[in-house]
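Architecture at a glance
One letter stands for each residue in the lines below.
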Amino acid sequence: MAKTGTTEAPQQQQQQQAIAGDGALEIRDNRTGKSYAVPIMESAVEGDRSIRGMDLRQIKTDPQEFGLMSYDPAFMNTASCKSAITFIDGDKGILRYRGYPIEQLAEGATFLEVAWLLRNGELPTQEEYKRWVHDVTYHTYVHENIRKFLEGFRYDAHPMSILCSAVAALSSFYPEAKNIQDPEQRNISIVRLLAKLPTIAAFAYRHVKGLPFIYPDNDLGYVENFLSMVARMSEPKYEANPVFTRALEILFILHADHEQNCSTNAVRAVGSSHVDPFSAVAAGIAALYGPLHGGANEAVLHMIKEIEHPKNIPAFIEGVKSGKGQRLMGFGHRVYKSYDPRARIVKQLADEVFKQVGMDKDLEIALELERIALSDDYFVSRKLYPNVDFYTGLIYRSMAFPTSFFTVLFAVARTAGWLAQWEEMLLDKEQKIARPRQIYIGYGERPYRSTLGDTGAPAGKDSIRK
């Protein structure tokens, strides 16, 4: 197999840029009257500024103290790494992969082209792309024992549970993947994960549906092959709906990476222990499973089901405004304070898919919710615009994917970003095993006194039944 590039050169360049700042933050400690000059790091690319958390350790009232820490629950204002992969400006609604605007990539690139870009830092040449597609296609099959493993799940198991377990199990099939410092082993592991995730995902779909598994057809492209394994029945050759194929390709590109989100942080944190990449990606899948992350598009459909009919929308909206329990799922975003740039793309994509499948009651509910949110000052003033999860859930539903499968589709796409972030973390000389500090708020030292009395004492050996 041809060896692909790595992220080492772009990351080193970004690291040099990130320490190019020449300013300093002066901190005066009123407890001691001492002042400290803390260097300010500035990124030459986008002007982001930061200080090193360790520089706060010098601030103390006594030499024996631990020193000052920063307290930042959920990393609201803490950078855990330097990365050259994805840039987001939430206020301006900007998303770029390796400097390329997401709008341009969604319009003209393929998912595997984007997967190469995320990992290697540059777009592939024609020869590199040809070899990359060949390698991924070659590894789409999984060991038959994986198929038997999947058959052991209950018929009603959530497909994300199946996917997470199966990806973790892959590490036992490739023990050499633990040699993460070997570029060749990293490369083959990355290829295997990108190749086998769609196969495992499709097998999970068929298992839940009670349908026989369909093996990969390596004459098809990446997305068409996935749709074939999901939907093929008795036909000798599966031909996917071109509208669905294009929609899924674009959605995979849009979901390929999104900076240091919950699941990417999980992959980096678990990967920092130098575990194999299959286990690190399984951790990412587990994080993505949550309704506040990858499960958000699934929650949109549950919300629409609760509304039941378009006539119930006004009452639902009033419930949201009054804070009486209703939540408007699929609106607003932790990062984007203006319109989610991916949502603009997916909105247009949704319109194309809806033309293909027609309208129904649930789509009417969704589109009316969208209309109200974009015209009601309550939502506009709070910047609660429809996000990518709102539209992707509707598209997946229109393509007849079950609601429980939405997050699996997300995971297949996000694997490209997880792997790029994982390798970048390994090649970053500043990174160590993730181990955040805590602020202890429990008891001080206190003596132990049993509260169990005589009944809580361990039984003597003479009391053991013979």
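A brief report on the enclosed structure follows. (Residues numbered from 1 in each chain as written. Predicted model: local features only at pLDDT ≥ 70, side-chain atom pairs only at ≥ 80, totals over all residues. Heavy atoms only, no water.)

**What to know about the overall build of the chain**
Definition in use: Runs of H or I in DSSP of at least four residues are treated as helices and runs of E of at least two as strands, each being numbered from the N terminus. The globule rule is 2.2 Å times the number of residues to the power 0.38, and the radius of gyration it is compared with is taken over C-alpha atoms. We score Asp and Glu as negative and Lys and Arg as positive, and we do not count His or the chain ends. Charged side chains are reduced to one point each, which is NZ for Lys, CZ for Arg, CG for Asp and CD for Glu.
Across its full length, the chain carries 18 helices and six strands. Its C-alpha radius of gyration of 25 Å places the chain within 12% of the 23 Å reference for a compact globule of 466 residues. By principal-axis analysis of the C-alpha atoms, the chain measures approximately 75 × 75 × 60 Å. Within the chain, the 57 negative side-chain charges are centred at a point lying 6 Å from the centre of the 54 positive side-chain charges.

**Concerning the nonpolar core**
Heads up, the rule is: As used in this record, nonpolar core signifies buried Ala, Val, Leu, Ile, Met, Phe, Trp, Tyr and Cys residues forming a set joined through side-chain atoms within 4.5 Å. Burial here depends on accessible area, computed with a 1.4 Å probe over protein chains only, as a share of the maximum for the residue type. Under 20% is buried, over 50% is exposed, and the range in between is partly exposed. Throughout, a residue-residue contact means that at least one pair of heavy atoms, one from each residue, lies within 4.5 Å.
The biggest cluster of nonpolar side chains holds 118 residues, and the ones touching the most others in it are Leu 163, Phe 226, Leu 369 and Phe 401. Top contributing element to this core by residue count: helix H18 (residues 406–427), with 14 residues. Beyond its immediate stretch of four places on either side in the chain, Phe 226 contacts Pro 198, Ala 201, Ala 202, Leu 248, Phe 252, Phe 401, Phe 405 and Leu 409.

**Let's talk about the sheet that holds strand S3 (residues 49–50)**
Convention followed: Two strands qualify as a pair provided that DSSP identifies no fewer than 2 bridges between them.
In space, the three strands of this open sheet follow the order S1-S2-S3, with antiparallel pairing throughout. At either end of the open sheet lies a strand with only one pairing partner, and these are strand S1 (23–28) and S3. Note that strand S2 (residues 35–42) and S3 share two bridges and pair antiparallel. Bridge pairing in S3 links Met 41 to Ser 50.

**Things to note about the packing of aromatic side chains**
Filter applied, for reference: Between the rings of Phe, Tyr and Trp (Trp by its six-membered ring), a pair exists once the centres lie within 6.5 Å; its type follows the angle of the planes, with under 30 degrees stacked, over 60 edge-to-face, and the other angles tilted. A positively charged side chain is recorded as over a ring if its NZ (Lys) or CZ (Arg) lies within 6 Å of the ring centre. The angle to the ring normal must also be within 35 degrees.
All told, the structure shown has 17 aromatic pairs when counted by the stated rule. Consider the rings of Phe 390 and Tyr 391, whose centres lie 5.3 Å apart with planes at 80°: the pair is edge-to-face. Here the two residues Phe 390 and Tyr 391 agree in accessibility, since each one is buried. Through successive ring pairs, a cluster of aromatic residues spans Tyr 205, Tyr 396, Phe 401, Phe 405 and Phe 406. Over the ring of Phe 66 we find Arg 57; its NZ or CZ atom is 3.9 Å from the centre of that ring.

**Observations regarding the pairing of S1**
Along any regular strand the residues' side chains alternate between the sheet's two faces. Within S1, only zero of the six residues are buried, which leaves it mostly out in the open. As paired strands, S1 and S2 are joined by six bridges and run antiparallel to one another. When the bridges of S2 are listed, Arg 28 appears paired with Ser 35. Between S1 and S2, which pair antiparallel one after the other, the connecting turn spans six residues, and Gly 33 there sits at a positive phi close to 80°.

**A few points about the sheet that holds strand S5 (residues 94–97)**
Two orientations exist for strands paired in a sheet by backbone hydrogen bonds: parallel and antiparallel. Taken in spatial order, the three strands line up as S4-S5-S6 in an open sheet, and their pairing is antiparallel. Either end of the sheet is taken by a strand with one partner, and the two such strands are strand S4 (86–89) and strand S6 (100–101). With two bridges joining them, S5 and S6 adopt antiparallel strand pairing. Paired with Tyr 97 across the bridge in S6 is Tyr 100.

**Quick look at the pattern of salt bridges**
Put simply, the rule is: Salt bridge, as used here, is a side-chain nitrogen of Lys or Arg placed within 4 Å of a carboxyl oxygen of Asp or Glu.
All chains considered together, the criterion is met by 18 salt bridges. Close ionic contact of Asp 156 with Arg 154 constitutes a salt bridge, the shortest N to O distance being 2.9 Å. When its relative accessible area of 42% is taken as the criterion, Asp 156 is described as partly exposed. The shortest N-O distance in the salt bridge between Arg 192 and Glu 176 comes to 3.2 Å. Of this pair, Arg 192 sits in helix H7 (residues 183–209) while Glu 176 sits in the loop between helix H6 (159–173) and H7; the two residues are 16 residues apart in sequence, bridging distant segments of the chain. What makes Glu 176 partly exposed here is its relative accessible area of 27%.

From the geometry alone we can't say anything about function, so treat these as descriptive.
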